[in-house]
Structures are given as structure tokens and as C-alpha cells.
Amino acid sequence: MVCGTNVSSLGQAILIYANDYDDKFPTGSKWCDLLIAHAEVDRKMFQCRGATEGPCNCAMNENVAELGTSAPPDMVLLFETRPGWNQVGGPEILTTQNHQNDGCNVLFVDGHVEFVMKHALDGLRRKPD
């Protein structure tokens, strides 16, 4: 639950950033740094409580940064991954290990967060079309 709340808070920070930067999301390769600098995000928000390591247990979808808020609302924006910083990518770096391999928290472009069960992860929208 705490992890989902943190992912939701990151989503709110991303939307604040987009509001200030012409509806564009933070650059994928700098998204963590930009949220700290421009949206006053605490570093603790990047960590999942179920993860054994940090500093960040989320990654940005590699297909969403350029689209910004014009991306489809049901498209993946952030998802859980192994520890890193400013991670960007696709399903190859997604992890369910933070939650006993049951699933992971996913943030969608419309700002909502879902805990997606492992068997349903392949059905997520990762590209605009």
C-alpha cells in the first residue's frame, strides 16, 4: 500500500512538472532528478517498501516522455523495476520481486495507480497505437 501511494505521489509530481513545461513529461533519462528539482519530491518517494535496495524502484515507460499529456490515458507511465536511478525502458526491466512476485504497481498517464497482477502485465498498453 505504501509503495502504491509513493507511485501515486510521483504521478502527481509528473503532472505538476508537465503543467509547468507545456504538457511534456520529464525527460526519461533525467526524470528522477527533474522531479526532485522542479516538483519538490522527497527521495524516499522513489523507493518501494518491499524492495531490499534503492535508490529508486521505478522506471519511466520509454514510449511516453515525448508524448507528454497527449499520450493515451491508459498508457503506462511508470512501473516498478529493480533498483536504479533515472531508469527508462520497457517490460524487460519490470519486476514483481518487490511484492513476492505477485505483481507490481503501475502508474498510468491519467494519473491512476493500479497493482497489476503478474499474469496481466503483458496486456498493459505501453505504446500509443
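Residues numbered from 1 in each chain as written. Predicted model: local features only at pLDDT ≥ 70, side-chain atom pairs only at ≥ 80, totals over all residues. Heavy atoms only, no water.

(A) Up close: the overall build of the chain. A count of helices and strands for the chain gives two helices and five strands. When the helices and strands of the chain are listed from N to C terminus, the series reads α-α-β-β-β-β-β. At 13 Å, the chain has a C-alpha radius of gyration in line with the 14 Å of a compact globule built from 129 residues. With the principal axes as the frame, the chain shows a C-alpha extent of 40 × 35 × 20 Å. A buried classification covers 47% of the 129 residues belonging to the chain. With the model as given, the accessible surface of the chain reaches about 6,700 Å², and the carbon-plus-sulfur share is 47%. Across the chain, the 10 positively charged side chains and the 17 negatively charged ones have centroids separated by 5 Å. (Helix = DSSP H or I, 4+ residues; strand = E, 2+ residues; numbered from the N terminus. Rg over C-alpha atoms; globule rule 2.2 N^0.38 Å. Buried < 20%, exposed > 50% of the residue type's maximum accessible area, 1.4 Å probe, protein only. Areas by Shrake-Rupley, 256 points an atom, 1.4 Å probe, with all protein chains shown as cover. Lys, Arg positive; Asp, Glu negative; His and termini not counted. Charge placed at Lys NZ, Arg CZ, Asp CG, Glu CD.)

(B) Region of interest: the pattern of salt bridges. Overall, the coordinates contain one salt bridge when judged by the stated rule. Residue D74 is joined to R125 by a salt bridge in which the shortest nitrogen-to-oxygen separation is 2.9 Å. A residue pair is termed long-range when its members are at least 10 positions apart, and D74 in the loop between β1 (56–61) and β2 (76–84) and R125 in the segment after β5 (113–117) qualify at 51 residues. Accessibility expressed as a relative area gives 31% for R125, which makes it partly exposed. (Salt bridge = Lys/Arg side-chain N within 4 Å of Asp/Glu carboxyl O.)

(C) Representation of the environment of M60 within the structure. With respect to the helices and strands, the residue M60 is situated in strand β1. Overall, M60 belongs to the buried group, its relative accessible area being 0%. Each residue touching M60, except ones within four places of it in the same chain, is listed here: I14, P26, G28, W31, A65, L77, L78, F79, Q87, V88 and G89. (Contact = heavy atoms within 4.5 Å.)

(D) Broad picture of empty space enclosed by the protein. Tallied over the full model, the rule gives one cavity of 30 Å³ or more. Contributing to the lining of the largest cavity are C3, N6, V7, M45, F46, Q47, C48, N57 and C58. Looking at the lining of the largest cavity, the elements that each hand over two or more residues are α1 (2–20) and β1. Per-element accounting of the lining of the largest cavity gives the leading share, three residues, to α1. Within the lining of the largest cavity, the residues separate by chemical class into six nonpolar, three polar and no charged. (1 Å grid on protein atoms, 1.4 Å probe; cavity = no way out; pocket = protein on both sides within 12 Å on 5 of 7 lines; lining within 4 Å. Points joined across faces, edges and corners; volume = space filled by probe spheres on them. Nonpolar A, V, L, I, M, F, W, Y, C, P; charged D, E, K, R; others polar.)

(E) How the structure looks around the sheet that holds strand β4 (residues 103–108). Strands sit in the order β3-β1-β2-β4-β5 across an open sheet of five strands; the sheet is mixed. Here the strands that pair on one side only, and so sit at the sheet edges, are β3 (88–89) and β5. Alignment of β1 against β2, held across four bridges, turns out to be antiparallel. Each residue of the ladder has a partner; that of M60, found in β2, is L78. Across the sheet, α1 is in contact with β1, β2, β4 and β5; its angle to β4 comes to roughly 20 degrees. (Pairing = 2+ DSSP bridges. Axes fitted to C-alpha atoms, helices over the stretch in contact; angles between N-to-C directions.)

(F) Examining the pairing of β4 more closely. Extensive coverage of β4 is indicated by the burial of six of its six residues. Here β2 runs beside β4; their pairing, made up of three bridges, is antiparallel. Among the inter-strand pairings, V76 is bridged to a residue of β4, identified as F108. The pairing of β4 with β5 spans five bridges and is antiparallel. Counted as the bridge partner of G103 is M117 from β5.

(G) Quick look at the state of the cysteines. Tallied over the entire structure, the rule returns zero disulfides. The thiol of C32 is unpaired, and the distance to the nearest cysteine sulfur, on C56, comes to 3.9 Å. (Disulfide = S-S within 2.5 Å.)

Purely geometric stuff here, so don't read any function into it on its own.
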